[in-house]
Amino acid sequence: QQQVKQSPQSLIVQKGGISIINCAYENTAFDYFPWYQQFPGKGPALLIAIRPDVSEKKEGRFTISFNKSAKQFSLHIMDSQPGDSATYFCAASIGSSNTGKLIFGQGTTLQVKP
Amino acid sequence: DAGITQSPRHKVTETGTPVTLRCHQTENHRYMYWYRQDPGHGLRLIHYSYGVKDTDKGEVSDGYSVSRSKTEDFLLTLESATSSQTSVYFCAISAGDRGGYTFGSGTRLTVV
């Protein structure tokens, strides 16, 4: 039962490049799609989130693109920096964002080379 | 991490022994969650709580039980630890206005 599938598993990008991580979901009832960033030895931290009534959301160098018909969403990191090296998780939930159980993707380990 | 602490941070235990992990929050949030993180599987929900004494199962609840007698504390118990329960365990609380969760720093559990 893999309701949220994430790819790639790992990604290497040069400094200044664009990092792209993709997620696909199955349950059309999902209505909240966050991305989390995790550094080694730390818990995941909320990075950015989107609801299906918009197709794109941007916060600084981080952008979520959302395609409702394809049931896909992606994270774009512009001008990637070595400090962005971390594991990224997409997730999805139903109902209120404060109460809905989050279903996570498998994670993507990003390495940004100087 | 923003009013949520997990204890212990690391634990090594023997197969067949009971283990209890603790999550403590100072945010007075109603919802609390236990996840386990394993390579290739991401984060999987074990149990969650939507209030004092109100808990429910997640997708990987077999072999685990939880209790919440106070708003601030959510305990995860492995009744009889097995090697398959070697993992990193994260507690999370609802994050308020921005939505999503706030995670603790995790407990690394090794069952030998």
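The shown structure was predicted, so the numbers you read here are calculated from the model rather than taken from an experiment.

Caption draft 1: Region of the structure containing the state of the cysteines. Using the criterion set out here, one finds two disulfides over all chains in the structure. Two residues, C23 of chain A and C90 of chain A, share a disulfide whose sulfurs are 1.8 Å apart. What sets the handedness of the C23 of chain A and C90 of chain A disulfide is the S-S torsion sign, and at about -90° it is left-handed. With C23 of chain A in strand β3 (residues 19–25) and C90 of chain A in strand β9 (residues 86–92), this residue pair connects regions lying 67 residues apart in the sequence. Each of the two residues, C23 of chain A as well as C90 of chain A, counts as buried. Two residues, C23 of chain B and C91 of chain B, share a disulfide whose sulfurs are 1.9 Å apart. Sign of the S-S torsion, about -75° for the bond between C23 of chain B and C91 of chain B, identifies this disulfide as left-handed. Residue C23 of chain B is located in strand β3 (residues 19–25), and its partner C91 of chain B is located in strand β9 (residues 87–94); the two are separated by 68 residues in the primary sequence. Residue classification places C23 of chain B among the buried residues on the basis of a relative accessible area of 0%. Of the residues examined, C91 of chain B reaches a relative accessible area of 0% and is grouped as buried.

Caption draft 2: Main features of the packing of aromatic side chains. Using the criterion set out here, one finds 22 aromatic pairs over all chains in the structure. Arranged with centres 6.0 Å apart and planes meeting at 55°, the rings of Y101 of chain B and F103 of chain B form a pair that is tilted. Like F103 of chain B, Y101 of chain B is buried. Ring pairing ties together the aromatic residues Y36, F89 and F104 of chain A together with Y33, Y35, Y48, Y50, F90, Y101 and F103 of chain B, which thus form one cluster.

Caption draft 3: Summary view of the layout of surface pockets. Its boundaries defined by the atoms lining it, the largest pocket holds a volume of some 540 Å³. Surrounding the largest pocket, 27 residues form its lining, Q38, T87 and F89 of chain A together with Q37 and R108 of chain B being those nearest its centre. Residue contributions to the lining of the largest pocket peak at three residues, all from β9 of chain A. Per-class residue counts for the lining of the largest pocket are seven nonpolar, 16 polar and four charged.

Caption draft 4: Layout of the pairing of strand β1 (residues 4–7) of chain A. Residues and elements named next belong to chain A. Only one face of β1 is covered, namely the one carrying V4 and Q6; the face carrying K5 and S7 has none of its residues buried. As paired elements, β1 and β3 share four bridges and run antiparallel to each other. From the neighbouring strand, V4 faces β3, where its bridge partner is Y25.

Rules behind the numbers
- Residues numbered from 1 in each chain as written.
- Chains lettered and ligands numbered in written order.
- Predicted model: local features only at pLDDT ≥ 70, side-chain atom pairs only at ≥ 80, totals over all residues.
- Heavy atoms only, no water.
- Disulfide = S-S within 2.5 Å.
- Helix = DSSP H or I, 4+ residues; strand = E, 2+ residues; numbered from the N terminus.
- Buried < 20%, exposed > 50% of the residue type's maximum accessible area, 1.4 Å probe, protein only.
- Phe/Tyr/Trp six-rings, centres within 6.5 Å; stacked < 30°, edge-to-face > 60°.
- 1 Å grid on protein atoms, 1.4 Å probe; cavity = no way out; pocket = protein on both sides within 12 Å on 5 of 7 lines; lining within 4 Å.
- Points joined across faces, edges and corners; volume = space filled by probe spheres on them.
- Nonpolar A, V, L, I, M, F, W, Y, C, P; charged D, E, K, R; others polar.
- Pairing = 2+ DSSP bridges.

Function cannot be inferred from these measures alone, as they are strictly geometric.
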